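Summary of structural features
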Amino acid sequence: MIQIRAGMPSASYQQHLKDQNATLLFDLVRRRSPISRAELTKASGLSAATVTVLVDELLQGGWLVELGAVGSTARGRRPINLAVNAARGAVATLEILSDGSILSVYDICLHKLTQTRSRLPASTSAPIIAQLRAQLAALGLAEEQLLGIHILYPGLIDAMTERLSFSAVIRSWQQCCPTILPDSRAAFPDAYVMLSNNAAAVAYSAFLRDTEPPPLPLLVMTVQEGIDAGAVLPGGRSMPLEAGHISIDRNGPVCNCGNRGCLETFCSTTALFARLRAAGIPVGYQDIYGSDPNEAAIAELAVAFTSGDEAVTACLQSYGMDLCCAIVSLVNLLDVRAVRLGGFPYLLGEPFAELLRSILAEKFHILTSTGALNLQLFDCKYEDVRKAAVLQMLEAIFSKH
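In this report, the structure presented in the accompanying data block is examined. (Residues numbered from 1 in each chain as written. Predicted model: local features only at pLDDT ≥ 70, side-chain atom pairs only at ≥ 80, totals over all residues. Heavy atoms only, no water.)

1. Brief notes about unusual backbone geometry
Filter applied, for reference: Only DSSP runs of H or I with at least four residues qualify as helices, and only runs of E with at least two residues qualify as strands; both kinds are numbered from the N terminus onward.
Following Ser33, the chain continues to Pro34 via a peptide bond in cis, the omega torsion being 0°. Each neighbour pair has its own omega, and for Leu216 with Pro217 the value is 0°, a cis peptide bond. In this fold, Pro217 is placed in the loop between helix H6 (198–209) and strand S11 (218–223). Not every positive phi belongs to a glycine, and Leu110 is a case in point at roughly 70°.

2. Focus: the packing of helix H8 (residues 269–278) against helix H10 (residues 310–334)
Under the convention used in this document: Here an axis means a line fitted to C-alpha atoms, over the contact stretch when the element is a helix, while the angle between two N-to-C directions is reported on a 0 to 180 degree scale. Handedness of a helix crossing follows the sense of rotation of the near helix relative to the far helix, less than a right angle counterclockwise being left-handed and clockwise being right-handed. Whether two residues are in contact is decided by their heavy atoms, any of which lying within 4.5 Å being enough. Note that Gly is not counted as nonpolar here; it falls among the polar residues with everything else outside the nonpolar set of Ala, Val, Leu, Ile, Met, Phe, Trp, Tyr, Cys and Pro and the charged set of Asp, Glu, Lys and Arg.
Two elements in contact, H8 and H10, have axes whose closest approach is 10 Å; the angle formed by their N-to-C orientations is 145°. Handedness of the H8/H10 crossing: right-handed. Contacts between H8 and H10 pair Leu272, Arg275 and Leu276 from the former with Cys315, Leu316, Ser318, Tyr319 and Asp322 from the latter. Along the lines of polarity and charge, the residues of the contact of H8 with H10 split into five nonpolar, one polar and two charged.

3. A closer look at the sheet that holds strand S10 (residues 192–197)
In sheet architecture, strand pairing relies on hydrogen bonds along the backbone and comes in two forms, parallel and antiparallel. Our working definition: For two strands to be treated as a pair, DSSP must find no fewer than two bridges joining them.
Pairing within the open sheet is mixed, and its five strands lie in the order S6-S5-S4-S7-S10. What marks the edges here is a single partner per strand, and that holds for strand S6 (112–118) and S10. Averaged over all adjacent pairs, the angle separating strand axes in this sheet is 15°, with direction ignored. Pairing between strand S4 (residues 90–97) and strand S7 (residues 146–153): six bridges, direction parallel. Looking at S7, one finds that Leu94 is bridged to Ile151. The sheet strands contacting helix H4 (residues 126–139) are S4, strand S5 (100–107), S6 and S7, and the helix crosses S5 at an angle near 30°.

Right, here's the structure in full:
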């Protein structure tokens, strides 16, 4: 049950609740279209009066369209189905990477309209803005039809100045244009522009993909050459976490962030395969930071683990202990109820997830009110993350209006 916190103005709370409900109805129509108002009322759990008011506002705002009356009933009016108005506008996502950027444009039904990847560092905003204008022109969209731009950056963001700051993932982060946010706002004044750490979008994508809503707070962590993590809090707000830079050994190796013994130096895929080689286990993994994960090598490791290879199992048990140190720290800090692991753990499969569950149960204490933790693997697909970023943008636009 949502409760009004002390000091929260009633009008502000009511508007926040209204924004959430409008977003809920919009997303239900997007996923289940065609759908009637009566079906929306049942699916959302909102009252018929609330659904009527909010649907009328979404229709007036051009977010939804009526498809006309369908079917027949014994008495009364025939239901009128609703659908999302894909022509309402478009949303762009900009992913800033270690080796360039990816610029994508979606309609509000989450259909990808176009995508361009640049291998050049995003050192200035001018080429990115020019590329987005070219994409809109090629799609036949006026710049006024660009509803929003969601910029995803794998690093720290100065909340006061809204400028890009340090990134352990992008070694040449100083070359990234720090003013991409204000520059984009100036170039597209009709669009809502927001800047997020990409870990928050990853967390939100995992939250959306669960068949049944997971218990919140939810911790989402992806382990690759770097380690990204984010949390989804009650209410659906997502936040990034610098989990890869939790120090688990003050005498450990120096991390790219400048500190010693960070989780990333022990539990990234490159660090794990370095462990395997040190243990005399032959592997073909290329441990170049920033390279694509060598899925063939990980597949071989998974086979060896599931077949009971003692050396591989011992290595993964040691690795799992280090990974669980960070997981438990975040779980106990944020009162986390569920964990979703992607990237390398997902490629190792369910036997590795079971190993982590046993380590957590036998070696650590979960200090939450329930003492329970739901840990599952998830397939972190970049396309799902981009779509989650579009949905976050739409939620921000609904809140703005």
